[in-house]
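Observations on the three-dimensional arrangement
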Amino acid sequence: MKNEDTNKRGPWLQISLISAIVIIISLIVTFSLSSDNFKLKNASSASKKESTIEVQDTEFQNIKMITETSNDSSISYKLFYPETNFESLNEKINKYITDSKEYYISKAQENNKTGHLNVNCSIYPFKEKYYSIVFTKIVTYDFSKYDKEYHTYLIEKDNGNIIDLKTMLNNSTSNFRLLTNYVQKKLLKSKELTNKVDKDAIINYTNPVWENYNSFSINNNQLVMYFNIEDPSSKETVNPTVNIKIPYLNPILNKDFKSNKKSKTNIVSDQKKKRKLVALTFDDGPHKTITKEILDTLDKYDAKATFFVVGSRVNSNKKLLKEMKEKGHEIGNHTMNHKNITKLKKKKLEYEINKTNELVKKAIGEEPTVFRPPYGATNKKINKMLDVPVVLWTVDTLDWKYRNPKKLLPVIKNNVHNNAIILMHDIHQSTADGLDSVLAYLQKEGYEFVTVSEILSVK
Ligand code: ZN
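Predicted, not measured: the structure shown is a model, and the values here were computed from it.

Some points on the side chain of Q222
- Turning to its location among the elements, Q222 is positioned in strand β9 (residues 222-226).
- Judged by relative accessible area, Q222 falls into the buried class, the value being 18%.
- Aside from chain neighbours lying at most four places away, what touches Q222 is S217, N243, I244, K245 and I246.

In structure tokens:
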């Protein structure tokens, strides 16, 4: 009976029932597709959605890849980036992507031009434990000039923790110097590069400050360093990479990153052989104007030095101390009041050392990393008390005695040697005045100007 009833309702109802079912099925299919492989942004106004987002699985554990393509031809972009299982990493990646996109859109609208932004991404596994994520961003606003930029993360694949270069290099500034030295020399030797941008720009972007070295990956058993160098005068940008085999870096790497493979040469033995090092040291400051002049002259030669500061002068010269630290110089403890400490009772001696440490820490966030006793007067007992190296000198310029800028260079010329530690004072104008000729001479002789700690580490 029921069947007959249905039949009586005629073919129209059947057709509409069938089409309803077809529509429902196709909706279900579309929906399941969109949740698996295909997500629509702004689904409520699908026709106006600004971009299309596609999600793909990858061979990499805990990582999916997202392709986001603009649907607006006047603001064209394609962004390819990972979505991981780790929230804080995703936040960082999304911020990078959103910032890149928003900057590009605002710039494109400002210029009223149609350009293109492309963010690509590669992932490289290392040692079953790490992934390197490397973004390459290319942006153009007029299709005549293309700007490229690298951006990277090294992560632990099981928890998404980001590992910085500092950790890889065992938190060691001397390891860092070995690496930066290698990289800087390699780039400065490249004709292709120096034809495009000024050497000063290359030096600026590869100087040994951590910020210059935050783009890197480990790819195919090589450490790859990425640079985005802009020449401020020509506005030309170059994006060189430097590849270094992991076994070559073994001596400066944290054990988790060392390679089992052996290398005939390595970064430490090579640089020991080839480098001529000298440590310039300045005692008894800081001095408001003289130390400042010395810092500027050091800058001119990209020279690092060590300042043994007197504690009583620290508070009134915090700015200078901060500048020293920012520029990669080393700060040493030269006691609070510049007394002969071998003649002091324990309590006074401790005050002379500890109070200076405390004031320096207040000024720059960390304590001095070396100690030099006034007049070089020390003994075994005092040396044992200190938890930083006690450093004297190998070349005495007697600048405090001569007070003559013309006398500084001849003394150094006659006495300088590889790994020399040169004693000067940044409270005499004559020293500041004579320094330029000293730096020019030593640089011509092939010396590199490094901190005292670096000399100690290679000796
Ligand atoms: Zn002194």
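Resuming the write-up.
Things to note about the environment of I93
- Looking at the secondary structure, you find I93 in helix α3 (residues 87-111).
- For I93, a relative accessible area of 0% gives the class buried.
- Residues within four places of I93 in sequence aside, it is in contact with Y81, P82, I133, F135 and Y153.

Regarding the confidence of the model for the protein
- The predicted model of the protein averages 89 in pLDDT, with 89% of residues at 70 or higher.
- Confidence over residues 1-10 falls short of pLDDT 50; this stretch has 0 contacts with residues more than four positions distant or in other chains.

Considering a nonpolar patch on the surface
- The grouping of I138, F143 and Y146 at the surface amounts to a nonpolar patch, some 300 Å² of accessible area in total.
- Looking at where F143 falls in the secondary structure, it is placed in the loop between β6 (130-140) and β7 (146-156).

A word on the packing of aromatic side chains
- For the structure on display, the rule yields 13 aromatic pairs.
- With a centroid separation of 5.1 Å and an interplanar angle of 50°, the aromatic rings of Y96 and F135 are classed as tilted. Within this pair, whereas Y96 is found in helix α3, its partner F135 is found in strand β6, the two being separated by 39 residues in sequence.
- Here Y96 falls in the buried class, since its relative accessible area comes to 9%.
- Overall, F135 belongs to the buried group, its relative accessible area being 0%.
- The interplanar angle of 25° and the centroid separation of 5.3 Å between the aromatic rings of F282 and F307 together place this pair among those described as stacked. Of this pair, F282 sits in strand β13 (residues 276-283) while F307 sits in strand β14 (residues 305-309), and the two are 25 residues apart along the sequence.

Thresholds applied
Residues numbered from 1 in each chain as written. Predicted model: local features only at pLDDT ≥ 70, side-chain atom pairs only at ≥ 80, totals over all residues. Heavy atoms only, no water. Helix = DSSP H or I, 4+ residues; strand = E, 2+ residues; numbered from the N terminus. Buried < 20%, exposed > 50% of the residue type's maximum accessible area, 1.4 Å probe, protein only. Contact = heavy atoms within 4.5 Å. pLDDT = per-residue confidence, 0-100. Patch = residues over 30% accessible without salt bridge, like charges linked within 9 Å, V, L, I, M, F, W, Y side chains within 5 Å. Areas by Shrake-Rupley, 256 points an atom, 1.4 Å probe, with all protein chains shown as cover. Salt bridge = Lys/Arg side-chain N within 4 Å of Asp/Glu carboxyl O. Phe/Tyr/Trp six-rings, centres within 6.5 Å; stacked < 30°, edge-to-face > 60°.

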